[in-house]
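Coordinate analysis (summary)
Next come the chains, spelled out residue by residue.
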Amino acid sequence: MSDLDLLTQSLARNVKRWRNDRGFTLDTLAARAGVSRGMLIQIEQARTNPSIGTVVKIGDALGISITTLLDYEQGPKVRIVPAEQAVRLWHTDAGSYNRLLAGTEAPGPLEMWDWHMMPGDNSSSDPHPVGTVEIAHVTSGELTLTVDGVEHRVPTGASVTFEAGLPHVYGNTGDRPLTMIMAVSVPPVQ
């Protein structure tokens with residue numbers, strides 16, 4: 001079985017499990033996530049490989065991390081994620097990409113990301129649930145972070161925190177590659 005097949009089956013199992021745990025019908029989750037009921041059915045039956053945007057919306061609507069949605073198995077309290085198991089969820093032809101390094105539920109979803117972005121690339125994000133906070137540390141290059149239409153420059157060695165309940169864009173407007181580590185904390189579903 002390929003990695004993609006494992007991810008598709010894990011996503012199917014976990015979306016259904018967490019939807020049922022939350023007491024959501026397919027229609028309720030579809031409305032909360034802004035995803036069609038038909039798409040959710042295909043995901044829960046492991047018949048589609050949805051975009052990262054769709055997975056993020058479903059995770060946000062369920063109040064769980066992408067890591068939990070893609071987790072192959074629920075294990076002990078200590079979880080080591082080998083480098084080769086970090087999940088690449090976004091990439092461009094220029095060589096930019098991000099990797100979900102680790103995540104947990106504490107008390108809401110908490111994720112850690114590794115970003116590599118080539119000059120001229122950017123990645124936009126829809127608003128996360130109110131109360132979501134992101135923290136990024138730039139290890140090389142310069143991050144151009146746009147939050148709710150306002151641009152902020154974050155140079156090498158600097159860190160930034162922001163409320164991610166607003167539209168935001170990660171960009172590299174510089175002339176050398178950008179690398180950063182980012183953590184995302186989403187409040188639990190009420």
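Here is a short report on the structure shown in this document. (Residues numbered from 1 in each chain as written. Predicted model: local features only at pLDDT ≥ 70, side-chain atom pairs only at ≥ 80, totals over all residues. Heavy atoms only, no water.)

Remarks on helix H3 (residues 37–44)
Since the α-helix advances by 3.6 residues per turn, residues separated by three or four positions end up pointing in the same direction. The complete set of buried residues in H3 reads Leu40, Ile43 and Glu44. One side of H3 carries all its buried residues, which in axial view fall inside an arc of 90°. Within two residues after H3, Ala46 carries a phi angle of roughly 55°, on the positive side. (Buried < 20%, exposed > 50% of the residue type's maximum accessible area, 1.4 Å probe, protein only. Helix = DSSP H or I, 4+ residues; strand = E, 2+ residues; numbered from the N terminus. Arc of directions from axis to C-beta.)

Some details on the packing of helix H2 (residues 26–33) against helix H4 (residues 52–62)
Viewed as axis vectors pointing N to C, H2 and H4 meet at an angle of 110°, and their least axial separation amounts to 8 Å. Viewed along their axes, H2 and H4 adopt a mutual orientation that is roughly perpendicular. Crossing angle aside, the handedness with which H2 passes H4 is right-handed. Counted together, Leu29, Arg32 and Ala33 of H2 and Lys57, Ile58, Ala61 and Leu62 of H4 form the full contact between these two elements. Split by residue class, the contact of H2 with H4 holds five nonpolar, no polar and two charged. (Axes fitted to C-alpha atoms, helices over the stretch in contact; angles between N-to-C directions. Parallel < 35°, antiparallel > 145°, perpendicular 65-115°, else oblique. Left-handed = near helix turned anticlockwise from the far one by under 90°. Contact = heavy atoms within 4.5 Å. Nonpolar A, V, L, I, M, F, W, Y, C, P; charged D, E, K, R; others polar.)

Digging into the pattern of salt bridges
Two side chains of opposite charge can pair, provided their charged atoms sit close to one another. By the definition in use, this model includes seven salt bridges. Of the charged contacts in the structure, one is a salt bridge between Arg17 and Asp21, with a shortest N-O distance of 3.6 Å. Separated by four residues within a single helix, Arg17 and Asp21 lie in helix H1 (residues 3–22), roughly one turn from each other. With relative accessibility at 35%, the residue Arg17 sits in the partly exposed group. For the salt bridge of Arg19 with Glu44, the shortest nitrogen-to-oxygen distance reads 2.6 Å. Of this pair, Arg19 sits in helix H1 while Glu44 sits in helix H3; the two residues are 25 residues apart in sequence, bridging distant segments of the chain. A relative accessible area of 9% means that Arg19 is categorised as buried. You can call Glu44 buried: its relative accessible area is 14%. (Salt bridge = Lys/Arg side-chain N within 4 Å of Asp/Glu carboxyl O.)

Just distances and angles here, no functional claims.
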